[in-house]
Amino acid sequence: MKPIGYWLNRTDQALTHSMGEMLGRFGLTRTAWQVLNVVRDAPDTAADSDVRAALAANADVAVLDAAIRSVLADGWAERPAPGRLALTSGGIRRLGEVAECVDAFREQCTAGISPEEYRTAVLVLERMTRNLEASPGPIPRPSSRP
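In this text, all values refer to a predicted model and were calculated from it rather than measured experimentally.

Rules of the game
- Residues numbered from 1 in each chain as written.
- Predicted model: local features only at pLDDT ≥ 70, side-chain atom pairs only at ≥ 80, totals over all residues.
- Heavy atoms only, no water.
- Salt bridge = Lys/Arg side-chain N within 4 Å of Asp/Glu carboxyl O.
- Helix = DSSP H or I, 4+ residues; strand = E, 2+ residues; numbered from the N terminus.
- Buried < 20%, exposed > 50% of the residue type's maximum accessible area, 1.4 Å probe, protein only.
- Core = buried A, V, L, I, M, F, W, Y, C linked by side-chain atoms within 4.5 Å.
- Contact = heavy atoms within 4.5 Å.
- Pairing = 2+ DSSP bridges.
- Axes fitted to C-alpha atoms, helices over the stretch in contact; angles between N-to-C directions.
- Patch = residues over 30% accessible without salt bridge, like charges linked within 9 Å, V, L, I, M, F, W, Y side chains within 5 Å.
- Areas by Shrake-Rupley, 256 points an atom, 1.4 Å probe, with all protein chains shown as cover.
- Parallel < 35°, antiparallel > 145°, perpendicular 65-115°, else oblique.
- Nonpolar A, V, L, I, M, F, W, Y, C, P; charged D, E, K, R; others polar.
- Disulfide = S-S within 2.5 Å.

Let us now look at the pattern of salt bridges. The final tally for this structure, using the stated rule, is four salt bridges. In this structure, Arg 52 engages Asp 65 in a salt bridge whose closest nitrogen and oxygen atoms are separated by 2.8 Å. Here Arg 52 is found in helix H3 (residues 48-54), whereas its partner Asp 65 is found in helix H4 (residues 61-73), with 13 residues between them in sequence. Relative accessible area serves as the criterion here: at 27%, Arg 52 is assigned to the partly exposed category.

So, in structure tokens, the structure goes:
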């Protein structure tokens with residue numbers, strides 16, 4: 001059996017490639033799609049800083065700022081006030097069309113996986129991440145004895 005790191009890398013590559021192709025048909029990158037979701041889920045409008053904070057684990061500031069500029073230039077979002085983002089009516093409609101494809105993509109990804117198995121996998125990965133993030137530093141080397 002291959003170790004978990006192998007499967008994490010393969011899964012990430014497969015998800016990134018497949019999702020990138022699917023979103024590309026709509027003129028979106030994965031990061032731009034994530035920006036649109038943060039904006040959509042905001043109670044009123046989303047501040048650029050809210051988008052950056054919500055997606056900090058997904059991309060660095062330069063990539064996020066480029067994605068924000070992209071969704072503005074492509075008419076998915078607008079600036080109702082400086083530093084604030086809101087979806088345009090066309091962006092809302094188009095994001096609904098993307099959502100249908102994303103739902104089908106998620107079904108394809110989880111085919112043959114029960115909801116309980118999926119939940120367990122996510123919880124295990126979350127716990128592993130938290131264990132490593134809470135670690136005070138690198139794991140010490142075993143001492144070698146003569």
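In this section: the nonpolar core. Side chains of nonpolar character tend, in soluble globular proteins, to be buried together. One finds Leu 23, Leu 28, Trp 33, Val 35 and Val 51 to be the most contacted residues of the largest nonpolar core, which totals 27 residues. Mapped by element, the contributors of at least two residues to this core are helix H1 (4-24), helix H2 (30-41), H4, strand E3 (84-87) and helix H5 (89-109). Broken down by element, this core gets its largest block of residues, six residues, from H2. Ignoring any residue separated from it by four or fewer positions in sequence, one finds Val 51 in contact with Val 35, Val 38, Val 39, Ala 46, Ile 68 and Leu 85.

Turning our eyes to something else, we now look at the sheet that holds strand E1 (residues 46-47). Spatially, three strands are ordered E1-E3-E2 in an open sheet, and the strand pairing comes out antiparallel. Because the sheet does not close on itself, it has two edges, and the strands there are E1 and strand E2 (77-78). Pairing analysis gives two bridges linking E2 to E3, with the strands arranged antiparallel. Bridge assignment links Ala 77 to a residue of E3, and that residue is Leu 87. In the packing of H2 onto the sheet, contacts are made with E1 and E3, and the angle to E3 comes to roughly 90°.

Note that E1 and E3 share two bridges and pair antiparallel. In the strand pairing of E3, Ala 46 is matched with Leu 85. Between E2 and E3, which follow one another and run antiparallel, lie five residues, and Gly 83 among them has a positive phi close to 75°.

This part takes up a nonpolar patch on the surface. A cluster of nonpolar side chains, namely Ile 4, Leu 8, Val 124, Leu 125 and Met 128, defines an oily patch on the protein surface of about 350 Å² accessible area. The element best represented in the nonpolar patch is helix H6 (residues 115-134), accounting for three residues. The class of Met 128 is partly exposed, set by a relative accessible area of 32%.

For the rest of this paragraph, the subject is the packing of H2 against H4. Where H2 contacts H4, the axes come no closer than 9 Å and their chain directions differ by 75°. Taken together, the axis directions place H2 and H4 in an arrangement best described as roughly perpendicular. Counted together, Thr 31, Ala 32, Val 35 and Leu 36 of H2 and Val 63, Leu 64, Ala 67, Ile 68 and Val 71 of H4 form the full contact between these two elements. Split into classes, the residues belonging to the contact of H2 with H4 amount to eight nonpolar, one polar and no charged.

Here we come to the state of the cysteines. With the rule as written, the count across this model stands at zero disulfides. Free of any disulfide, Cys 101 has its nearest cysteine sulfur in Cys 109, 13 Å distant.

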